[in-house]
Number of protein chains: 2
Amino acid sequence: MFKKEIYTTRRNELISKFSSGKILFLGNIENPINFEHNTYPFRQDSSFLYYIGIKSPRLAAVLDIDLGETLLFGDEMTIDDIVWMGQQQTLAEKAALSGISKLLPFDQLFDYLKKSDQNTLHYLPPYQSHNKILLGKLFNCPVDLLQPSIALIQAVAAQRSIKSVEEIIELEKAVDVAVDMHRLAIQMTKPGRYEYQISNAMQHFAQDQGMSFSYPPIVTKRGEILHNHMQFHQVHEGDLLLNDSGVETSLGYASDLTRTFPVGKRFTSLQEEIYQVVLHAFKSAEQLLSPGIRFKDIHLKACEALVEGLIQVGFMKGNSQDAVANHAHALFFQCGLGHLLGLDVHDMEDLGEQYVGYSTSEPKDTKTFGLKSLRLGKELEAGNVLTVEPGIYLIPELTQLWEQQNLHRDFVNYDFLKKHLDFGGIRIEDNYLIEENGYRRLGKYLEREVQEIYRLKDNAID
Amino acid sequence: MFKKEIYTTRRNELISKFSSGKILFLGNIENPINFEHNTYPFRQDSSFLYYIGIKSPRLAAVLDIDLGETLLFGDEMTIDDIVWMGQQQTLAEKAALSGISKLLPFDQLFDYLKKSDQNTLHYLPPYQSHNKILLGKLFNCPVDLLQPSIALIQAVAAQRSIKSVEEIIELEKAVDVAVDMHRLAIQMTKPGRYEYQISNAMQHFAQDQGMSFSYPPIVTKRGEILHNHMQFHQVHEGDLLLNDSGVETSLGYASDLTRTFPVGKRFTSLQEEIYQVVLHAFKSAEQLLSPGIRFKDIHLKACEALVEGLIQVGFMKGNSQDAVANHAHALFFQCGLGHLLGLDVHDMEDLGEQYVGYSTSEPKDTKTFGLKSLRLGKELEAGNVLTVEPGIYLIPELTQLWEQQNLHRDFVNYDFLKKHLDFGGIRIEDNYLIEENGYRRLGKYLEREVQEIYRLKDNAID
């Protein structure tokens, strides 16, 4: 945990934005895999971690705005719990470390909330079904009609969007470990290995540093599948490997890096050509990072850079600005340039992208293919931490569909493209802090130039 | 998947036990970690796997008893799904492999069920909150008042309790891989390693065989903590390591083995002495396995054997039968001797222990410390697959509590015991099939004699 004052300050700042009522933060539970007592690894809710800091399951916290105090609902271990799970720090001890002295049994939460004025009871959108049930019961309402507090969402999003010095230290720790983990992946990948072997070695490395994966890693020769969690392929000479993975510190802060590199010692000439296109778009986007610029505009600039390169390669044609204005680039770059990063790898995605990545004056485009997957569009502020992650992905099914629908024949060279539909995908991703005067890349430098990657490949690890 | 006829036969057999109505099997979803799209690894519900065999999320199946047919509710991938997750076998193809030709969109499930006679709609107890919400909405009832079908629970439990030839082949595959995985753990454990390093190496090994852990493994020097999932300790000369881990085949069948061994080359004399006590109890229990005997009686015989040994060691005194009759052994063996094993590591625990491990004539003792944790008590039948797993665990907090409460001073030598409260715990566990004429240990032999373990330790792997 951070020191106590950090949590009390965060809570006081949040309370100060409300005039009356109560704020409820529900912690997560241990979710069952295939029966109640066979559970997935526990992960605390990120807003709960931010304001309370305690990582145990089955907790809830109420911030009483009128009294200016915090109540923690949860249970101490019984002797049966100790037999099965071992003695741990008591809940009262953990609460004290968060500056909380009022501790009540968890089963009093419901009655306590029932007695509170429900019109001024603020809560965030639940994403785990367990908490949906609890709130549905509390408000006597179907779970799909629950009304989370927009005021609370906005207040939490505003606070969590601007990272403090302590948070940046944690985020840099997460990036530093991820950088070494990525180097290991580049150096150990060789023809004959399986994807999961690389993933396992990275997990092992992260655990040696006291960390864990911040999300299920994407380690795949089929990088064109954007969220590909299958890792059963053997990799061969000539394949690309896309590694999108990051770690989480013990306090819950995440990193999120991607590198794409040859399985053998060198890229093929087409791979190198397209890698350079992505790298150029990456650098074009990186240098634009600064407070006051809309991230959507940086996204569109990166798209233009990608199209310019794709025209050079021969996959596209025409004018790059027109192509992007018509969304023709989305055949190759179907997703967004980046997202906020913090206690969640897609920071605060549970609060709703409209509130976190956009603003009332800049609503999200939820229809256009490509833009609808851009999680962050609004004007950047100093203190934001985010990813930049352009890519080029050749998806055979999408190409076939667009061609059948005669989409963007002015911009896409279907005949040439169709000769390379087995290409795969390339993505490059780093993590950034927006500063008053521009940006700072978080953590150690991870090789990204072609020659730098080749040097790592020449120093293979067995 | 098994061949089609296995699923159709299983469904027909189940349907034949009902005269009218419908049977609903809800599949699992991908459960969120810290926001909706960051999800835990998907695991299909085991009864769904048993009757339908399809491992994809967001499916439901209805067995129409009157028409004798099966309907599968689920959705084919959209082009957006393909962009993010890659093209896979179609749902229609998967359904055909299960002998199902009627496929309907998932969002028609609710209306379909609403139109069905809800008094003859049978469903199993939901354990994932997502399915609790769906059923609560369907029956317009609070989730804690849902009424799963006892008739269906009993029919499913009866069918899944008797393993077929194909299932036994799968279970033996799972044991064989777990045996090699355990040998690796014994051979790689040495002073200076961390628990998670051993756990990671095992995971890697299992994945190399196309399998995964069947439950979060317990790999700990603090074996007295029964469900200890923390693996951050470094292990030292003189420590014991308890390794309780198993794997799951691609069809979902589990193994569940435990060995306890020295971190260094040899046990200390007290460790060896207590290991022999547990091994003797283990063999006493093993040789009793046969159809017609109550597993609770085997459990009690094993408890007696443990007490006899503990008297020799000096931790207990008096008559072993009296000690067990008075539940004094539960200070050292707080849990049960074993449980059913199959598609779940605690097979069908989601259906309720009373229905799965006990019977109307043999209800479970839910009060007595020790017996309340015995998951299986009823008479064994040929075709049952189960674990045998006696152990001795020295839990300081429990010892202190019993002594303060003056419990069982006639049977427990507190003064001598208190000198060894840092001992830890020892468990030995193998998996068995009950046959017409006795039992068969499943899979390859895993070293359990002290000298056999020493030979493995002498052949260390780096």
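In this numbering scheme, every chain counts its residues from 1 along its sequence in written order. Starting at A for chains and at 1 for ligands, labels are handed out in the order in which the entities are written. Since the coordinates come from a predicted model, pLDDT governs what is reported: local features require at least 70, and pairs of side-chain atoms require 80 or more to be given and counted, while whole-chain, interface and lining totals use all residues. Just so you know, side-chain values use all the structure's heavy atoms and leave hydrogens and water out.

1. Observations regarding the packing of aromatic side chains
Defined as follows: Note on aromatic pairs: the rings of Phe, Tyr and Trp (six-membered ring only in Trp) are paired at centre separations within 6.5 Å, and the planes decide the class, stacked below 30 degrees, edge-to-face beyond 60, tilted for the rest. Labels follow the DSSP assignment, with helices taken as runs of H or I lasting at least four residues and strands as runs of E lasting at least two, numbered in each case from the N terminus. Note on classification: 1.4 Å probe, protein chains only; a residue is buried when its accessible area is under 20% of the maximum for its type, exposed when over 50%, partly exposed between these limits.
Under the defined criterion, the tally for this structure stands at 27 aromatic pairs over all chains. Seen in terms of ring centroids, F315(B) and F332(B) are 6.1 Å apart; in terms of plane orientation they differ by 5 degrees. Their pairing is stacked. Of this pair, F315(B) sits in the loop between α11 (295–313) and α12 (320–325) while F332(B) sits in the loop between α12 and α13 (353–356), placing them 17 residues apart in sequence. The class for F315(B) is buried, based on a relative accessible area of 0%. Taken together, the ring pairs connect F2(A), Y7(A) and Y253(A) into an aromatic cluster.

2. Digging into the pattern of salt bridges
As a reminder of what qualifies: Basic side-chain nitrogens of Lys or Arg form a salt bridge, by our definition, when they fall within 4 Å of a carboxyl oxygen of Asp or Glu.
In this structure the tally under the stated criterion is 62 salt bridges over all chains. When the shortest N-O distance is used, the salt bridge between E353(B) and R375(B) registers 3.5 Å. With a gap of 22 residues between them, E353(B) in helix α13 and R375(B) in the loop between α13 and β13 (385–388) connect regions that are remote in the sequence. Judged by its relative accessible area of 18%, R375(B) is buried. In this structure, the salt-bridge partner of K418(B) is E403(B), at a minimum N-O distance of 3.1 Å. Residue K418(B) is found in the loop between α15 (414–417) and β15 (425–427), and its partner E403(B) is found in helix α14 (residues 396–404); the two are separated by 15 residues along the sequence. On the accessibility criterion, K418(B) (38% relative accessible area) is partly exposed. The class for E403(B) is buried, based on a relative accessible area of 17%. When salt bridges that share partners are traced, they join R160(A), K163(A), D344(A) and D347(A) into one network.

3. Let's talk about the interface of chain B and chain A
Condition: Contacts were defined at the residue level, with two residues in contact if any of their heavy atoms lie within 4.5 Å. Summed over both partners, buried area is the accessible surface (1.4 Å probe) that two parts give up on being assembled. As used in this structure description, the phrase polar contact means that two N or O atoms lie within 3.5 Å; if the pair is within protein, one of them must be able to donate a hydrogen and the other to accept it, and residues adjacent in sequence are counted only when both atoms belong to side chains.
Each partner contributes residues to the interface: chain B has 65 residues there, and chain A has 65 residues. When chain B packs against chain A, the two sides together hide about 5,200 Å² of surface, and 58% of this comes from carbon and sulfur. Here chain B and chain A share four salt bridges between them. For D80(A), the salt bridge goes to K372(B), with nearest N and O atoms at 2.7 Å. Our enumeration of links across chain B and chain A arrives at 20 residue pairs in polar contact (both at pLDDT 80 or more). Sorting the residues of the side of chain B that touches chain A by element identifies β2 (32–35), β3 (38–39), α3 (79–85), α6 (129–138), α9 (195–208) and α14 of chain B as the ones contributing at least two each. At seven residues, α9(B) tops the list of elements feeding residues into the side of chain B that touches chain A.

4. Some thoughts on the sheet that holds strand β10 (residues 240–245) of chain B
All names here are of chain B. Keep this limit in mind: Strand pairing follows a simple DSSP-based rule, namely that at least 2 bridges must link the two strands. Note on definitions: angles span 0 to 180 degrees between N-to-C directions of axes, and those axes are lines fitted to C-alpha atoms, for helices only across the stretch in contact.
Strand order across the open sheet formed by three strands is β9-β10-β12, with antiparallel pairing between neighbours. On the outer flanks of this sheet lie β9 (218–220) and β12 (257–262), each paired with one strand and no other. Geometrically, the sheet is characterised by an average inter-axis angle of 10 degrees between neighbouring strands, direction not taken into account. Pairing analysis gives six bridges linking β10 to β12, with the strands arranged antiparallel. Bridge pairing in β12 places L241 opposite F261.

5. Considerations on the environment of G377(A)
Residue and element names in this part refer to chain A. Relative to the helices and strands, G377 resides in the loop between α13 (353–356) and β13 (385–388). With 13 residues separating them along the chain, G377 and K364 place their C-alpha atoms 7.2 Å apart. What G377 contacts, discounting residues up to four positions off in sequence, is R294, F295, K296, G357 and Y358.

6. Things to note about the packing of helix α8 (residues 165–188) of chain B against helix α16 (residues 450–458) of chain B
Two quantities define a packed helix pair, namely the angle between the axes and the distance from one axis to the other. Residues and elements named next belong to chain B. Stated formally: Here roughly perpendicular refers to angles of 65 to 115 degrees, roughly parallel to angles under 35, roughly antiparallel to angles over 145, and oblique to all remaining angles. Here a crossing is called left-handed whenever its near helix is offset anticlockwise from the far helix by less than a right angle, and right-handed whenever the offset is clockwise. Note that Gly is not counted as nonpolar here; it falls among the polar residues with everything else outside the nonpolar set of Ala, Val, Leu, Ile, Met, Phe, Trp, Tyr, Cys and Pro and the charged set of Asp, Glu, Lys and Arg.
Two elements in contact, α8 and α16, have axes whose closest approach is 7 Å; the angle formed by their N-to-C orientations is 65 degrees. In terms of their interaxial angle, α8 and α16 are classed as roughly perpendicular. As α8 packs across α16, the resulting crossing turns out to be right-handed. Contacts between α8 and α16 pair R183, I186 and Q187 from the former with I453, L456 and K457 from the latter. Residues that form the contact of α8 with α16 fall into these classes: three nonpolar, one polar and two charged.

7. Points about the domain arrangement of chain A
When the parts of a complex come together, some accessible area is lost, and that lost area is often used as the size of the interface. All names here are of chain A. In plain terms, the rule: The source of the domain bounds is an automatic or database domain assignment.
Domain boundaries in chain A define domain 1 (4–161) and domain 2 (165–458). Here the C-alpha centre of domain 2 lies 34 Å away from the C-alpha centre of domain 1. Contact residues are listed per partner, giving 18 residues for domain 1 and 18 residues for domain 2. Buried surface at the junction of domain 1 and domain 2, both sides included, amounts to about 1,500 Å², of which 53% is carbon and sulfur. The largest per-residue losses of area from domain 1 upon contact with domain 2 belong to R43, R160 and S161, which jointly make up 34% of the total buried on that side. Linking domain 1 to domain 2 there are four salt bridges. Between E248 and R43 there is a salt bridge, with its nearest N and O atoms 3.0 Å apart.

8. Focus on the side chain of Q128(A)
Among the secondary structure elements, Q128(A) is positioned in the loop between β7 (121–123) and α6 (129–138). The class of Q128(A) is buried, set by a relative accessible area of 2%.

9. Topic: the sheet that holds strand β16 (residues 430–435) of chain B
Residues and elements named next belong to chain B. The strand order β13-β16-β17 describes an open sheet built from three strands, whose pairing is antiparallel. Whereas interior strands pair on both sides, the edge strands pair on one side only; in this sheet they are β13 and β17 (438–441). Going from strand to strand, the sheet's axes swing by 40 degrees on average, the running direction of each strand aside. Two strands pair when backbone bridges link them, and β16 and β17 are joined in this way by four bridges, in the antiparallel orientation. Bridge assignment links Y432 to a residue of β17, and that residue is R441. Here helix α10 (residues 269–286) sits on the sheet and contacts β13, β16 and β17; the angle it forms with β16, its principal contact strand, is near 20 degrees.

10. Thoughts on the relation of the copies chain B and chain A
Condition: In superposing the copies, a least-squares fit is computed on C-alpha atoms, taking residues whose pLDDT is at least 70 in both.
If you rotate chain B by 180 degrees and push it 0.0 Å along the axis, it lands on chain A with an RMSD of 0.0 Å. The relationship between the two copies is best expressed as a two-fold rotation axis. Within chain B, S129(B) has its C-alpha nearest the rotation axis, a separation of 2.6 Å. Of all interface residues in chain B, 100% are interface residues in chain A too; the two copies therefore contact each other through one and the same surface.

11. As for the nonpolar core
Residues and elements named next belong to chain A. Let me state the cut-off plainly: Residues enter a nonpolar core if they are buried and are Ala, Val, Leu, Ile, Met, Phe, Trp, Tyr or Cys, with the set joined through side-chain atoms within 4.5 Å.
In this structure, L14 and L386 are the most contacted members of the largest nonpolar core, which totals 132 residues. Among the elements that line this core, the one with the most residues is helix α8 (residues 165–188), at 12 residues. Residue contacts for L386: discarding those within four places in its chain leaves L289, F295, H339, L340, L341, L376, L380, D430, N431, Y432 and I434.

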